[in-house]
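Chains, contacts and geometry: an overview
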Amino acid sequence: MSYLRAPLLLFALLLLAACNNDQSPAVTASVQEGSSVDASPEAPAAETSERKELDIVVETPDAPAAPPEQEVIKPATAPVAQTIQKPAKDATVTRDKPVVEPAPTPPAVTPAQPAATAPSTPTAPATAPPAEPAEAPAIVPIEAPTAAAKPIAPDHSSWNSLLQKYVTSSGKVNYAGFKKDEATLDAYLAKLAESIPQSDWGRKASLAYWINAYNAFTVKRILKDYPVNSITDLDGGDPWKVKWITLDGKSYSLNNIEHDIIRPRFQEPRIHFAVNCAATSCPPIPNQAFTAGNLNAMLESGTRRFINNPAYNQTEGNIKVSKIFDWYGEDFGDLRTYLNQYLKTPIAEGTEIGFKEYDWALNKQ
C-alpha cells in the first residue's frame with residue numbers, strides 16, 4: 001500500500017463514521033455463511049439518501065485476498081474528486097431537513113449617476129424660432145453744453161471808496177494816497193478785466209463801466225511812474241495811444257476806450273466832462289463812481305458845473321471856453337446853442353467864441 005494513500009484512507013473512514021453517527025442509528029449485521037442479513041427496514045433508505053447527498057467515495061488501499069468464506073470487496077478503479085456542498089451561511093442544519101431563514105431585503109440600490117460628459121452644442125432646428133429682440137440700450141440724451149454764464153456788471157463800490165478818500169470835491173487827486181492803497185485799485189481793475197459790457201447790461205450800466213474804466217486806468221498809469229509832473233511826460237508825450245490795458249483778454253489803449261467805444265457807441269457829448277485825463281485843464285474827476293443808477297444825474301451836474309466854472313470857461317465879455325469844445329466840436333453841434341443850455345447868462349447870438357490854452361500840469365492835490 002502506498003504511503004500517500006494511507007492517510008487519505010484514514011481520513012475518509014473517519015469522515016464516513018462521523019456521517020453515519022449523525023444520520024442514523026448504527027446498523028449491525030452478521031454475515032455468516034448461508035444466512036441472510038438482518039437490518040432495520042428504514043435504515044437503508046435513510047442511509048442511502050444521506051450518502052447520496054454527501055456523495056463521498058472512499059478510495060481503499062490494496063488489501064490481501066479475503067478468506068474464501070467472506071465477501072471480497074473490490075477497490076475503486078479510480079478516485080473521483082467530489083465537491084462537498086456546504087449549507088448556506090445563514091442556514092440552520094437539522095437532522096432531517098435544512099431550514100433556511102429568509103435573507104434580509106437588500107437595500108435599495110441608487111442607480112449610478114451617468115458620467116459627466118461635455119455639453120454638446122445643440123443643433124439649430126430646421127426652422128428656428130424668431131429671435132427675441134434684444135433690449136435696446138437706454139438712450140441717454142446728450143445734453144448740450146451749458147452756455148457760459150454771461151458776465152454781469154461789476155460792483156464799483158471799491159472804486160467809489162477810493163475816490164471818496166483820495167479825490168477832493170474840486171477834482172484834485174491825492175496820488176500819494178492812491179499809491180499806498182494801490183492794491184485795492186488793482187483788485188478793482190481785475191474785476192473790470194474779468195468782463196466787458198454785454199448787450200443785456202443796458203446802456204446806462206455799460207456807459208458807467210467804460211467811464212469808470214477810463215478814469216481808473218488813467219490813475220493807474222500815473223501811479224506806475226509817480227511822482228510825475230504831467231501825464232504828457234509819459235510814453236513820449238502821448239500815453240493815450242499805448243495799448244497796455246487788458247479787458248476780457250483784449251488789449252486797449254485809453255484812446256481805444258474813449259474814441260473807439262464811448263464816443264461812437266453812446267454819442268453822448270456829456271462824457272467829455274466825466275472822463276478825466278489827469279491834467280489841470282481837464283474837467284474835474286468826480287469823487288464818486290458812476291453807476292447805472294446815478295449816470296444821468298452825474299453827467300448832467302458835471303457838465304453844468306464845468307461850463308459855469310470860470311476856471312475852465314470865460315463866458316462873459318471876451319468869451320473863451322475850454323479847448324475840449326474845439327477838439328470835439330463835432331460832438332456838440334452848434335457850440336453857442338449847446339453852451340446856452342447850461343449857462344446862467346446865455347451867449348448872445350453873433351458873439352465870437354474863442355478857446356483857452358490847455359494846462360497839462362498834473363491835477364494833483
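Structure: see above.
Residues numbered from 1 in each chain as written. Predicted model: local features only at pLDDT ≥ 70, side-chain atom pairs only at ≥ 80, totals over all residues. Heavy atoms only, no water.

1. Quick word on the overall build of the protein chain
For the protein chain, the helix and strand inventory stands at eleven helices and six strands. Here the protein chain holds 365 residues, and 33% of them are scored as buried. In the protein chain, the share of contacts with a sequence separation of at least 24, taken over all contacts with a separation of at least 6, comes to 67%. A total accessible area of about 24500 Å² is found for the protein chain, and carbon and sulfur atoms account for 55% of it. (Helix = DSSP H or I, 4+ residues; strand = E, 2+ residues; numbered from the N terminus. Buried < 20%, exposed > 50% of the residue type's maximum accessible area, 1.4 Å probe, protein only. Contact = heavy atoms within 4.5 Å. Areas by Shrake-Rupley, 256 points an atom, 1.4 Å probe, with all protein chains shown as cover.)

2. What about the packing of helix α5 (residues 182-194) against helix α6 (residues 203-224)?
Where α5 contacts α6, the axes come no closer than 11 Å and their chain directions differ by 140°. By the angle between their directions, the pair α5 and α6 is classed as oblique. The interaxial crossing formed by α5 with α6 has left-handed handedness. Of α6, the residues touching α5 (which contributes Glu182, Leu185, Asp186, Tyr188, Leu189 and Leu192) are Tyr209, Asn212, Ala213, Ala216, Phe217, Val219, Lys220 and Leu223. Across the contact of α5 with α6, the residue classes break down as ten nonpolar, one polar and three charged. (Axes fitted to C-alpha atoms, helices over the stretch in contact; angles between N-to-C directions. Parallel < 35°, antiparallel > 145°, perpendicular 65-115°, else oblique. Left-handed = near helix turned anticlockwise from the far one by under 90°. Nonpolar A, V, L, I, M, F, W, Y, C, P; charged D, E, K, R; others polar.)

3. Considerations on the environment of Lys344
One can find Lys344 in the loop between α11 (335-340) and β6 (354-355). C-alpha separation for the pair Lys344 and Ile307, spaced 37 residues apart in sequence, amounts to 9.9 Å.

4. Points about the pattern of salt bridges
The final tally for this structure, using the stated rule, is 13 salt bridges. Asp225 is paired through a salt bridge with Arg221; the nearest N and O atoms lie 2.5 Å apart. Judged by relative accessible area, Asp225 falls into the partly exposed class, the value being 37%. Overall, Arg221 belongs to the buried group, its relative accessible area being 8%. When the shortest N-O distance is used, the salt bridge between Asp331 and Arg263 registers 2.9 Å. Of this pair, Asp331 sits in helix α10 (residues 329-332) while Arg263 sits in helix α7 (residues 254-266), and the two are 68 residues apart along the sequence. Given a relative accessible area of 18%, Arg263 falls into the buried group. (Salt bridge = Lys/Arg side-chain N within 4 Å of Asp/Glu carboxyl O.)

5. Structural notes on the packing of aromatic side chains
Under the counting rule described, the total for this entry stands at 19 aromatic pairs. Between Tyr358 and Trp360, the aromatic rings sit 4.7 Å apart at their centres with planes inclined by 50°, giving tilted as the arrangement. For Tyr358, a relative accessible area of 15% corresponds to the buried category. Taking relative accessible area as the criterion, Trp360 reaches 27% and is therefore assigned partly exposed. An aromatic cluster of three or more residues is present, and its members are Phe273, Phe306, Tyr312, Phe325, Phe332, Tyr338 and Tyr342. (Phe/Tyr/Trp six-rings, centres within 6.5 Å; stacked < 30°, edge-to-face > 60°.)

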